[in-house]
Amino acid sequence: MVLNPALPQKEMALQAAWSRYLAQPCFDNFVEFALLLNSLTDFLIDKSLTGLLHASRQLEQRALSLFGDESSHPISDSAMEELDRGVARVGELLRNFDTAAEPLQERRKKSPEAVVELPASAYQLQLVGTAGSHWHELVSQFGYFGVRVQQGSWEVPALDESGGSLFLADLGGLPQERWLAPLGRLRERHPLAQIICIGVPSEFTALDQALRLGADRCLTVGTPLQQVVGQVLELNGSVERDPYRVLVVEDSRTAARVICRSLEENGIVTQVLHDPSLSLGAIRQFQPDLILMDMYMPCCTGVEAARVIRQYDEFLSIPIVYLSGETDIALQVDALRLGGDHFLTKPFNPVVMNAVVKSKIERYRALRRSMLNDSLTGLLNHISTKQAISAALEFSGQEDRNVVVAMIDIDHFKSVNDNYGHPVGDQVIRSLAWLLRQRLRRGDIVGRYGGEEFVVGLVGVSPAKAREILDTIRQDFARIAFSIPGGDFRVTFSAGLSTCVDCQPRCLEPMLEAADEALYEAKRGGRNQVVLAGSFQSCQLPAPGLEDTRLADARLADARLEGTPK
């Protein structure tokens, strides 16, 4: 099965564009070929497909060096033959590329249930290098998350050639001259694989050499084993991102079509606005990641439009890139000072425009992620979790789909921090986050509520099924052995679940309260269990009374058992 249906489509489009240039070697056809090649390279970067990326990037760099203008085409016969060989090589690699097993992320999207059962071979990893005592522990750690590890040496890196395309290359403290050649051979033999190097000396030259030889990621000497496991899980569990969205404010319909065509070749969704006075409504409706703004329009300038947009706090961080034939540096600087983020001079190179747009959007989205996601786990933070569940409740009411809320708390977590230190405690929290994200569907909601507490929203499952799902995850989490000097330890969690009849957004707080009460019932009952609260009809917040007093007393008693206020 191919990694993504976009991959063969991109390969076919690239081949067709190159054939058009060969048949009619004009500048416009070369621009189309270069854009498609740029789009393919960016796609491979996003997917961390280093072997494919190397070939695609080499071809892209050569094509861009020949870009020129109308007078530069057709290119020389020797250059055309060189590009033809490069296109054939990239096409061959793309056609031969398929995964050893369907990615877990794809199965998460398709699964009708809210949990994915992980057989022993759900992931396959090849561990190569010089075996050390830590290999046994690594294999055990990976096993807790359904990763099957095959072990081999530099000379025989793959015990089973069908066993996946992810390598963990252990440099094992070897001097640089002893691992350079083997790492290079590994990349040469497996051009389509992903390679993570561990045990890399923490110095610039060693890291630079490993990356040059084709490593996707380097983890230096002394990196905790749990962090190594985390890198593999993050690589396998990456979430498909939403397409970039660009609002093009341009009065010229011809120029707008050219801009949109260039962006859409790279999978960017566009919307055109010819009248900048309508920009506020368009931004609210379209929710763009970036605005491409023409500098001079009949009703106002791009700077004037940007100043109006920047009057609204919710629009302050949206990048604005000016497009103009203006070459006066003083005016460009003034335009940037008055609300813009970048200036592209017409006529612009479409490949450069795409690169600027993508880099600005990625930084914008990174800023948004830092606001919405928990920095330790990458899950939704407290506020974002509640907003996501509230939205799910509203949507479920329209589609008559059930929503179950679960509150999860790691048992005796204070003792973990006290006995083993906060870095180990952080690793325990991350491990539970990985397990939850790995086992639940993409449409389910997983957030870190605070400290060692998590909230999960399961969409479209019955309360009984939700309890079964969380109980399976609870059992698997309890099997994870966390390494410490001289041994290891295990941790458990408790959970409380709640749901309601005729769910609506106003049900959120009552559901959280009910799940929280069920959680403390699990704590009082001995911990390491999942308790399901009864469904309730009313979504009105309960008035304070005897029940709240009883719950507060139970929490206080539990806090005393933990040895710290809860």
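See the structure printed just above.
Every chain is numbered on its own, with residues counted from 1 as its sequence reads. Per-residue local features of the predicted model are confined to residues with pLDDT of at least 70, and side-chain atom pairs are confined, for both listing and counting, to 80 or more; whole-chain, interface and lining totals are unaffected and use all residues. Note that water and hydrogens are dropped before the side-chain values are worked out from all heavy atoms of the structure.

(A) Molecular detail of the environment of L458. Every helix listed is a DSSP run of H or I at least four residues long, and every strand listed is a run of E at least two residues long, numbered separately from the N terminus. Secondary-structure assignment places L458 in strand 13 (residues 453–459). Each residue gets one of three labels from its accessible area relative to the maximum for its type: buried under 20%, exposed over 50%, partly exposed in between, using a 1.4 Å probe on protein chains only. On the basis of relative accessible area, L458 is assigned to the buried category, the value being 0%. Separated by 18 residues in the primary sequence, L458 and L440 have C-alpha atoms spaced 8.4 Å apart.

(B) Focus on the environment of E304. Counting through the fold element by element, E304 comes out in helix 12 (residues 302–309). Along the primary structure E304 and P276 are separated by 28 residues, whereas in three dimensions their C-alpha atoms are 9.5 Å apart.

(C) Quick peek at the pairing of strand 11 (residues 403–410). Counting buried positions along strand 11 gives eight out of eight residues, so the element sits mostly inside the fold. Burial along strand 11 is two-sided: V403, V405, M407 and D409 and V404, A406, I408 and I410, pointing in opposite directions, are all buried. As defined by bridge partners, strand 11 adjoins strand 13 across seven bridges and the pair is classed as antiparallel. When the bridges of strand 13 are listed, V405 appears paired with G457. Note that strand 11 and strand 16 (residues 493–498) share six bridges and pair antiparallel. Looking across to strand 16, one finds that M407 is bridged to G496. Note on pairing: DSSP must find at least two bridges between two strands before they are called paired.

(D) Local environment of the sheet that holds strand 13. Overall, mixed pairing links the five strands, which are arranged 12-13-11-16-17 in an open sheet. Among the strands making up the open sheet, the edge pair consists of strand 12 (445–450) and strand 17 (530–532). Geometrically, the sheet is characterised by an average inter-axis angle of 20 degrees between neighbouring strands, direction not taken into account. As paired strands, strand 16 and strand 17 are joined by three bridges and run parallel to one another. Looking across to strand 17, one finds that L497 is bridged to L532. In this description, contact between two residues means that some pair of their heavy atoms is separated by no more than 4.5 Å. To get an axis, fit a line to the C-alpha atoms, keeping to the stretch in contact for a helix; angles then go from 0 to 180 degrees between the N-to-C directions. Packing against the sheet, helix 19 (residues 508–524) makes contact with strand 11, strand 12, strand 13, strand 16 and strand 17, and its axis sits at approximately 140 degrees to strand 16.

(E) Main features of the nonpolar core. The term nonpolar core refers to a set of buried residues drawn from Ala, Val, Leu, Ile, Met, Phe, Trp, Tyr and Cys, joined through side-chain atoms within 4.5 Å. One finds F142, L168, I408, V428, F454 and F477 to be the most contacted residues of the largest nonpolar core, which totals 52 residues. At seven residues, the largest contribution of residues to this core is made by helix 17 (residues 422–439). Formed by 33 residues, the second largest nonpolar core is a distinct cluster that contains V31, F43, L66 and A79.

(F) Examining the pattern of salt bridges more closely. A side-chain nitrogen of Lys or Arg and a carboxyl oxygen of Asp or Glu constitute a salt bridge if their distance falls within 4 Å. Considering all chains together, one arrives at 25 salt bridges under this definition. The salt bridge involving E314 is made with R284; its shortest N-O contact spans 3.6 Å. Remark: R284 occurs in helix 11 (residues 279–286) and E314 occurs in the loop between helix 12 and strand 9 (320–324); sequence separation between them is 30 residues. A relative accessible area of 49% means that E314 is categorised as partly exposed.

(G) Seen up close, the pairing of strand 5 (residues 217–220). In this sheet, strand 5 lies alongside strand 4 (residues 194–200) in parallel orientation, the contact comprising four bridges. Paired with I198 across the strands is L219, a residue of strand 5. Between strand 4 and its parallel partner strand 5, the chain crosses via helix 8 (residues 204–212), and the hand of that crossover is right-handed. If the strands point away from the viewer and the path from the first strand over the helix to the second runs clockwise, then the crossover is right-handed.

(H) Main features of a nonpolar patch on the surface. A cluster of nonpolar side chains, namely L367, M371 and L372, defines an oily patch on the protein surface of about 290 Å² accessible area. Relative to the assigned elements, L367 resides in helix 14 (residues 350–372). Judged by relative accessible area, which is 41%, L367 ranks as partly exposed. Note on patches: the residues involved have over 30% relative accessible area and no salt bridge, like charges join within 9 Å, and the nonpolar side chains Val, Leu, Ile, Met, Phe, Trp and Tyr join within 5 Å. To be clear on the numbers: accessible area is Shrake-Rupley with a 1.4 Å probe, and residue cover counts the displayed protein chains and nothing else.

(I) View of the packing of helix 7 (residues 176–189) against helix 8. One way to put it is that helix 7 packs onto helix 8 with a least axis distance of 10 Å and a crossing angle of 15 degrees. If you check the angle between helix 7 and helix 8, you find them roughly parallel. In the packing of helix 7 onto helix 8, the handedness of the crossing is right-handed. Every residue of helix 8 that contacts helix 7 at Q176, W179, L180 and L183 is listed here: T205, A206, Q209 and A210. Three categories are distinguished: nonpolar for Ala, Val, Leu, Ile, Met, Phe, Trp, Tyr, Cys and Pro, charged for Asp, Glu, Lys and Arg, and polar for the others, with Gly belonging to the last. By residue class, the composition of the contact of helix 7 with helix 8 is five nonpolar, three polar and no charged. When an angle is under 35 degrees it counts as roughly parallel; over 145 it counts as roughly antiparallel; between 65 and 115 it counts as roughly perpendicular; any other value is oblique. With the far helix as reference, a near helix turned anticlockwise by less than a right angle produces a left-handed crossing, and one turned clockwise produces a right-handed crossing.

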